Amino acid sequence: MRVGLVPRREEFDVVVVGAGPAGGYVAGAIAKAGYEVALLEEHREVGEPIQCGGLVTARVFDIVSCKETIIGRVHGAEIFSPSGRRIVIDGRETEAVVVDRAMFDRAIVTQALRNGAHSILGAQAAAAGRQDGGVEVLVDVDGHSRRLRCKLLIGADGVRSSVAKWFNILRPKKILPGFEVEMVGVESDPGLVQLFVGSNYAPGFFGWVIPSGDTARVGLCVGSGNAYAALEKMLGQPAVRPFVKRAQPILYIAGGIPLGFPKRSHADNVMIVGDAACQAKATSGGGIFTSLLSATFCAQTAIEALGKGDFSARMLHRYHKAWTGSIGKELRKDLAIHDSFSRLTDAQVEEIFEILDNPTVLRLIEGRGDIDFPSKVGWALLREEPRLLKYLGKALRAMVSRTVGI
Ligand SMILES: Cc1cc2nc3c(=O)[nH]c(=O)nc-3n(C[C@H](O)[C@H](O)[C@H](O)COP(=O)(O)OP(=O)(O)OC[C@H]3O[C@@H](n4cnc5c(N)ncnc54)[C@H](O)[C@@H]3O)c2cc1C
């Protein structure tokens, strides 16, 4: 029963920390199965501040129904090398969509609340520990401390997850700093994203322009250092300048991409999901689809655990096994690909562009490219162009030879 802004109840079956896509989905699915779920969000508004480019494939709408948040459709990419050489990959049909990320998160949480979850906004989980077979969570709600008790705690609290830390589950190996600016007046084709690869743009990762309705999100991630300063520098590069020469910023977006592969994503009475569990792709930084897919496994295990009254790590291991056996396989490959590609020199990137800039290869990428499973096109490319093998690290080369048999 809710009287006022915060529910009176202090006992819940499940407390979910973080109302991003993963937390919103998990809370809604468990509440739909008839359990009492509290969804805590430290900000006073779901969906803010935005920390994302909002580029996803239509697969996410098989998990959450919020197509009304789509503000753009993308059918290809223009990719620029360090010297400004340009290749165009154009699938001609919609390959990905751009969502209004704040609306997207709100739509997922709205559904969770309709399913019966209890939202508590401006509520920062400040500490948690096991007590009497359950978990006690200390929550700071607008300067007041509250204690909530639950059987199961789910940390969907993003890249700097406190839940993962408190229960000693995982720390990302590395967090790639990212910075993005939403700009008015960007001159680009609204059906294409632009990607910029090389140390003059985004050392250790890549830069992008993502069309988003009548604006565009211009951003990058870097291997380390100051992402804001790197973006400032990237905007002045000859290949980038034509897109942004008359553009003006209306929103700054800062965030990080977690790299690592957790040995476990659970402990007694606790599971972590989404960025908290390093479930983003190391190749692109995209984490919405992978987080949501993992969230379906997390919710399923939570419902089974609640049904059996068993919240042991042994029981919750089902979740870890399910997601690592599914999208985890791709995430592992993406980490290996990222590791190799982040070591390439600009001269090597130019050599790769030389190899890719060939109609047969481009057609192959157009036909097989899938931003949710980037390793698939990678494998196909290696079959077509074994010269690419030399740019891969030792570990990845071994993995490739096993997988594609070259
Ligand atoms: C610059 C940038 C661009 C990106 N672009 C894309 C893209 O185009 N496409 C894509 O798929 N992915 C993109 N991503 C990744 C994507 O944003 C994340 O993978 C995704 O948001 C993960 O969802 P989540 O629910 O796990 O975490 P989040 O969306 O981070 O949600 C976590 C929530 O937990 C809350 N929280 C944290 N701690 C507490 C606490 N102690 N108490 C209460 N609440 C708490 C936070 O306020 C937040 O609302 C991008 C990331 C960055 C940094």
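Asker: Looking at this structure, how should I read the sheet that holds strand S15 (residues 215-221)?
Answerer: Within a sheet, each strand pairs with its neighbour through backbone hydrogen bonds, oriented either parallel or antiparallel. With respect to topology, seven strands assemble into an open sheet ordered S6-S5-S13-S14-S15-S12-S16, the strand pairing being mixed. A single partner strand is all that each edge strand has here, and the edge strands are strand S6 (86-90) and strand S16 (248-259). Averaged over all pairs of adjacent strands, the angle between their axes in this sheet comes to 20°, without regard to strand direction. Across three bridges, the pairing between strand S13 (residues 192-196) and strand S14 (residues 207-212) is antiparallel. In the strand pairing of S14, Leu195 is matched with Trp208.

Asker: Would you take a moment to explain the side chain of Thr215 for this structure?
Answerer: Along the polypeptide, Thr215 turns up in strand S15. If sequence neighbours within four positions are ignored, Thr215 has contacts with Glu182, Met183, Val184 and Ile250.

Asker: Before we go on, may I ask you to explain the packing of helix H9 (residues 327-341) against helix H12 (residues 374-384) in this structure?
Answerer: The relative placement of two packed helices is expressed as an angle between their axes plus a distance between the axes. Where H9 meets H12, the axes come as close as 9 Å, and the angle between the chain directions of the two elements is 60°. Relative to H12, H9 is oriented oblique. Seen from above, H9 lies across H12 with left-handed handedness. Listed contacts from H12 to Glu330, Lys333, Asp334 and Ile337 of H9 are Pro374, Ser375 and Trp379. Of the residues that constitute the contact of H9 with H12, the class distribution is three nonpolar, one polar and three charged.

Asker: Help me understand the pattern of salt bridges, please; the structure alone is not making it clear to me.
Answerer: Opposite charge on two side chains permits them to pair, given that their charged atoms come into close proximity. Counted according to the given criterion, the structure contains 23 salt bridges. Among the salt bridges present, the one from Arg217 reaches Glu182, with a minimum N-O distance of 3.5 Å. Pair noted here: Arg217 is in strand S15 and Glu182 is in strand S12 (residues 174-184), with a separation of 35 residues, a long-range link. The same class applies to Arg217 and to Glu182, which are both buried. Arg343 serves as the salt-bridge partner of Asp339, at 3.1 Å between the closest nitrogen and oxygen. Sharing partners across several salt bridges, the network here consists of Glu10, Glu11, Glu136, Arg147 and Arg149.

Asker: Would you take a moment to explain the site of the ligand for this structure?
Answerer: Close to the ligand lie 32 residues; Glu41, Gly53, Leu55, Arg101 and Asp275 are nearest. Take Pro21: an N or O atom from its main chain is 3.3 Å from an oxygen atom of the ligand. Contact between the ligand and Ala125: a nitrogen atom at 3.0 Å from a main-chain N or O atom of the residue. The protein chains hide 90% of the 1000 Å² of surface that the ligand would expose on its own. Of all the secondary-structure elements, those providing two or more residues to the shell around the ligand are helix H1 (21-32), strand S2 (37-41), strand S9 (123-131), S16 and helix H7 (288-308). Considering every element that reaches the shell around the ligand, the biggest residue donor is S9, with three residues. Looking at side-chain class alone, the shell around the ligand contains 12 nonpolar, 15 polar and five charged residues. There are two domains that each give the shell around the ligand at least three residues, and those are domain 1 (11-49 + 102-172 + 262-329) and domain 2 (72-97 + 173-259).

Scoring rules and cut-offs
- Residues numbered from 1 in each chain as written.
- Predicted model: local features only at pLDDT ≥ 70, side-chain atom pairs only at ≥ 80, totals over all residues.
- Heavy atoms only, no water.
- Pairing = 2+ DSSP bridges.
- Helix = DSSP H or I, 4+ residues; strand = E, 2+ residues; numbered from the N terminus.
- Axes fitted to C-alpha atoms, helices over the stretch in contact; angles between N-to-C directions.
- Contact = heavy atoms within 4.5 Å.
- Parallel < 35°, antiparallel > 145°, perpendicular 65-115°, else oblique.
- Left-handed = near helix turned anticlockwise from the far one by under 90°.
- Nonpolar A, V, L, I, M, F, W, Y, C, P; charged D, E, K, R; others polar.
- Salt bridge = Lys/Arg side-chain N within 4 Å of Asp/Glu carboxyl O.
- Buried < 20%, exposed > 50% of the residue type's maximum accessible area, 1.4 Å probe, protein only.
- Near = heavy atom within 4 Å.
- Polar contact = N/O pair within 3.5 Å; in protein donor to acceptor, adjacent residues only side chain to side chain.
- Areas by Shrake-Rupley, 256 points an atom, 1.4 Å probe, with all protein chains shown as cover.
- Domains from an automatic or database assignment.

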